[in-house]
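# Chain and residue survey
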Amino acid sequence: MAMVKIKTFMTPIKIFATVRELNALDAQVADFLNAEKATDVFSVSDAATAGEHGETIGLIRTVCYRV
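Model, not experiment: these values are computed from the prediction.

This part is about the packing of aromatic side chains. Tallying each qualifying case throughout the model produces two aromatic pairs. With a centroid separation of 5.3 Å and an interplanar angle of 75°, the aromatic rings of Phe9 and Phe32 are classed as edge-to-face. Separated by 23 residues along the polypeptide, Phe9 in strand 1 (residues 4-12) and Phe32 in helix 1 (residues 18-36) bring together distant segments of the chain. Put simply, the rings of Phe9, Phe32 and Tyr65 touch in pairs and so form one group of aromatic residues. The ring of Phe9 carries the charged tip of Lys7 above its face, separated from the ring centre by 5.6 Å.

What follows is the structure in C-alpha cells.
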C-alpha cells in the first residue's frame, strides 16, 4: 500500500545569494525525494520567514509526496 507523506525543508536567505540558495534547496528536495523513492509529488509550497524588521530571512518549503 502506498503512503502519502509530507516533508518540510528550510533555507536561510542572504542578500545577493538568493539564486544559489534556491538552487541548493531545489537540489536538497530532489535528493530527498529520490532517496525516499517518491512515486508522485502532489504539491510543493514555499513560505517566506521574516526578520524583526519585516525583511525576508528564510524560506520554508513543504512537499507532499507518495512513496
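Moving on from the model shown.
This paragraph deals with the nonpolar core. Core analysis: the biggest nonpolar cluster contains nine residues, these being Phe9, Ile13, Leu25, Val29, Phe32, Leu33, Leu59, Val63 and Tyr65. When contributions to this core are tallied by element, the ones reaching two or more residues are helix 1 and strand 3 (56-66). It is helix 1 that contributes the most residues to this core, four residues altogether. When residues no more than four places from it in sequence are discounted, the contact partners of Ile13 are Thr18, Glu21, Thr56, Ile57, Gly58 and Leu59.

What counts, and at which threshold
- Residues numbered from 1 in each chain as written.
- Predicted model: local features only at pLDDT ≥ 70, side-chain atom pairs only at ≥ 80, totals over all residues.
- Heavy atoms only, no water.
- Phe/Tyr/Trp six-rings, centres within 6.5 Å; stacked < 30°, edge-to-face > 60°.
- Helix = DSSP H or I, 4+ residues; strand = E, 2+ residues; numbered from the N terminus.
- Lys NZ or Arg CZ within 6 Å of the ring centre and 35° of its normal.
- Core = buried A, V, L, I, M, F, W, Y, C linked by side-chain atoms within 4.5 Å.
- Buried < 20%, exposed > 50% of the residue type's maximum accessible area, 1.4 Å probe, protein only.
- Contact = heavy atoms within 4.5 Å.

Treat this as a map of the structure, not an account of what it does.
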